[in-house]
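Descriptive structure summary
So the chains spell out like this:
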Amino acid sequence: MFANIDWTMAGAVVITGLVVVFVVLVLLWFIVELMGKILSGFGKPKNLSQPPVKAVEKDKKQLPIKSQMEIEGGITDEVVAVITAAISAIEGTGNFVLRSIRQSYSGKRSAWASAGIEQNTRLF
Amino acid sequence: MLDLFFESVNTIALESGFVNVTLGQAIMLLVSCILLYLAIAKQYEPLLLLPIAFGMLLANIPMAGLSAYDEGGLIYYLYQGVKLGIYPPIIFLGIGAMTDFGPLIANPKSFLMGAAAQLGIFLTFVGALVLGFTPEQAGSIGIIGGADGPTAIYVTSQLAKDLLGPIAVAAYSYMALVPIIQPPIMKALTTKKERAVVMEQLRPVSKLEKVIFPIFVTIIVSFVVPPAAPLVGMLMLGNLLKESGVTERLTNTAKNELINIITIFLGVSVGATATAEKFLTAQTLGIIALGLIAFGFGTAGGVLLGKLMYVVTGGKINPLIGSAGVSAVPMAARVSQKVGQEENPGNFLLMHAMGPNVSGVIGSAVAAGVLLSILK
């Protein structure tokens, strides 16, 4: 039952296998870290330089803009908050100014029906 | 007239299953029924175990010609997809379309735990050699430790076709048993303090990173280990289809209809390789014992590296996520979550454990590539 094993071959397979698996995955680790640093590096400098310079101007301009934010009647504050949060999540940033929210009328179809039609008639 | 009638009845009787059944076939029919029970009543990986069990049943019906070896039979042709290494990469395509590599990209240190969990593969390889298996067979048995069904089937179909039945049954049964096998090992190798570690929230991962990731992983892994390219390439293609956002129809098909079709064909034809002659051997028992060792050592390897990383990072990493490097997605990650929650009810390790979990899929594909390049 216990055969004559070629221990050198067995050792070679085990060591090569473990080394290669580790080397490949460590390599992938470093590249992913690098990719993460480069890509988040692009985002930061722009954000840092813009706000201090434009903050002064924006502060003066933001007040009139805020009072001009047009929210259609019938839309509660909670809905406004949810819409703002949704836009923020999609855009990935809070750097935007919300100017108006109004209900869209697309005939008598509900939003779900419109979405279904849009999905089924989408181009290939 | 009457003689002809009796002759025909006689012929039919002589060619019927009842007259031609062997003891081995009867036993295999029983085994397949037990596996069907496990799949249906106990819900052990039913998506694969049920077709495998039924394929086993069909293959052992006397005179039916439905084993994977009966040339010209239905299952013989379906089996070609296994023999030629076509089905497992296509299943990986579907798996990639369902996988989110975000947690891994956000915390790439998880790659290490995915690598360490492949320890089970190589220790089991040695164990199989000790039990008298040939190196090719030992490699196929070892890959059970990758906890990855398609990878195990892919490697076995290239290195040790004859063992496909027992290895597939062992691989999927143990994958279903992950919630039972892992926790004792995880608890034995960690302290209460280590288990209670709460990890900091993962950073958000941008779409660009998620699109670039599958592309460069394919290139790098395939350059280093070309035999792993079919598996990793298809996995990453599926992932790219999903993350690019521009191929929604294809993604939907890959992760639904396509993977379901191939799963049915794969399961039935793999099960149908388990004829009495191939399955009822001492080797099968050896494979079942070794499979358990493979899973055990894989879990231990991942947890131990997790402990090392806990020490090196000054307590920022919870070693429990290391066991998720065993690539049974998402079961192993859920087990890490559960054991962590036992220690600290407010601790949500699931997303953190998904990092090692999916890196284990890549890791076991790399290990498969290494075994194929050395042993084929």
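Residues numbered from 1 in each chain as written. Chains lettered and ligands numbered in written order. Predicted model: local features only at pLDDT ≥ 70, side-chain atom pairs only at ≥ 80, totals over all residues. Heavy atoms only, no water.

**A word on the confidence of the model for chain B**
Residue and element names in this part refer to chain B.
- With 100% of its residues at a pLDDT of at least 70, chain B reaches an overall mean of 94.
- Considering each helix and strand of chain B separately, the mean pLDDT is smallest for helix 2 (residues 17–20), with a value of 90, and largest for helix 16 (residues 229–244), with 96.
- In the predicted assembly, ipTM is 0.88 and pTM is 0.81. (pLDDT = per-residue confidence, 0-100. Helix = DSSP H or I, 4+ residues; strand = E, 2+ residues; numbered from the N terminus.)

**Quick notes on the nonpolar core**
- By size, the foremost hydrophobic cluster in this structure holds 124 residues, and its most contacted members are Leu28(A), Phe213(B) and Ile362(B).
- Per element, the largest residue contribution to this core is 13 residues, and it comes from helix 21 (residues 350–375) of chain B.
- Every residue in contact with Leu28(A), bar those within four places of it in the chain, is listed here: Phe111(B), Phe216(B), Val217(B), Ile220(B), Val221(B) and Ile362(B). (Core = buried A, V, L, I, M, F, W, Y, C linked by side-chain atoms within 4.5 Å. Buried < 20%, exposed > 50% of the residue type's maximum accessible area, 1.4 Å probe, protein only. Contact = heavy atoms within 4.5 Å.)

**With respect to unusual backbone geometry**
Residues and elements named next belong to chain B.
- Of note, the amide linkage connecting Val 329 to Pro 330 takes the cis form, showing an omega dihedral of -10 degrees.
- With a phi close to 70 degrees, Met 63 is a non-glycine residue in the positive phi region.
- Turning to its location among the elements, Met 63 is positioned in the loop between helix 4 (46–59) and helix 5 (74–83).
- Not every positive phi belongs to a glycine, and Ala 147 is a case in point at roughly 55 degrees.

**Here we look at the interface of chain A and chain B**
- Taken together, the contacts link 30 residues of chain A with 41 residues of chain B.
- Taking both partners together, chain A and chain B bury about 3,000 Å²; carbon and sulfur atoms supply 88% of that area.
- At the junction of chain A and chain B, the tally comes to zero salt bridges.
- Among the elements that make up the side of chain A that touches chain B, the one with the highest residue count is helix 1 (residues 7–67) of chain A (23 residues). (Buried area = accessible area lost by both parts, 1.4 Å probe. Salt bridge = Lys/Arg side-chain N within 4 Å of Asp/Glu carboxyl O.)

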